[in-house]
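Remarks on the overall topology
Chain residues, written in single-letter form:
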Amino acid sequence: MSRLEAFSGDDLRRFGDAIRAIATQAATMEESANRIADVLWDGLPGDCALIRVYKTHPYGKLPPDLRAFAAAIGGDLGDDVRCLTLLATRGVEPAWNDRRLSDGHKAIPLPSVAFVQRLPMVAGLIHQLGLELSDVVRPERGKVIELAQRTYGVFHVPAARGSEFVPAQDFVERFGIVSALGFGGVLFTGDFFAVVVFARVPVDERVADTVRVLSLSTRVALLPFGTRVFS
């Protein structure tokens, strides 16, 4: 077990090894994402209120229930519109341990850059990782390989209370969220992936930069599944 506020290089190696090993243990990307969330949740006991794993997915390839959810938000969507889709969730509330029970985050359509700009946390996550919004909304085919091989930054909100990047301030107050961070990147499909952690302990810049490197292990754990996304 580790402490997030003192996350070290040794922790990085241990968590990274555990996450990379998932690629040979899971049958779908969703199962792999759930195991990633488990590694973080179980390895950082008490430090997190909520951990979520997301991936963008084309609207036309979502299961029917998620297409209906995305359409209720975005209206008439083209099949190629990317939707920020919740693959896995772990948290202190029972409903936060099943993606199907999410009220508002199952599949958020990202039809345009202007639409994403109205989602401060999503836009902040993408920008702080070092991507352009257009890279996520409509990735250019000729740019995908370069994006998939790039090293990314980290989404870091050292003080969640009052931050524009964590607009759900009632959630922050009720569950004692001190800091938030996220890491991720781009898969060879052009889809964006991210792990977002809402912490009950302070996360400083050094820790955030160390945790950032777990994006490489996470990409390894998600890559092998191709079209085998949902369990």
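Below, the structure is looked at part by part. (Residues numbered from 1 in each chain as written. Predicted model: local features only at pLDDT ≥ 70, side-chain atom pairs only at ≥ 80, totals over all residues. Heavy atoms only, no water.)

1. Focus: the overall build of the chain
- The helix and strand tally for the chain stands at 10 helices and 6 strands.
- Taken over C-alpha atoms, the radius of gyration comes to 16 Å for the chain, in line with the 17 Å a tight globule of 231 residues would show.
- Taken over 231 residues, the chain has a buried fraction of 53%.
- The long-range fraction of contacts in the chain, counting pairs at least 24 apart against all pairs at least 6 apart in sequence, stands at 69%.
- A total accessible area of about 10,100 Å² is found for the chain, and carbon and sulfur atoms account for 53% of it.
- A gap of 4 Å separates the mean positions of the 26 positive and 27 negative side-chain charges of the chain. (Helix = DSSP H or I, 4+ residues; strand = E, 2+ residues; numbered from the N terminus. Rg over C-alpha atoms; globule rule 2.2 N^0.38 Å. Buried < 20%, exposed > 50% of the residue type's maximum accessible area, 1.4 Å probe, protein only. Contact = heavy atoms within 4.5 Å. Areas by Shrake-Rupley, 256 points an atom, 1.4 Å probe, with all protein chains shown as cover. Lys, Arg positive; Asp, Glu negative; His and termini not counted. Charge placed at Lys NZ, Arg CZ, Asp CG, Glu CD.)

2. Quick word on the side chain of Arg82
- Turning to its location among the elements, Arg82 is positioned in strand 2 (residues 82–91).
- Of note is the side chain of Arg82, whose polar atom sits 2.7 Å from the side chain of Asp191.
- What Arg82 contacts, discounting residues up to four positions off in sequence, is Thr56, His57, Pro58, Ile108, Pro109, Leu110, Val136, Val137, Pro139, Thr189, Gly190 and Asp191. (Polar contact = N/O pair within 3.5 Å; in protein donor to acceptor, adjacent residues only side chain to side chain.)

3. Brief notes about the pattern of salt bridges
- The final tally for this structure, using the stated rule, is 15 salt bridges.
- The salt bridge involving Glu31 is made with Arg35; its shortest N-O contact spans 3.0 Å. Residue Glu31 and its partner Arg35 are both found in helix 2 (residues 29–43); the two are separated by 4 residues, about one turn of the helix.
- Residue classification places Arg35 among the partly exposed residues on the basis of a relative accessible area of 30%. (Salt bridge = Lys/Arg side-chain N within 4 Å of Asp/Glu carboxyl O.)

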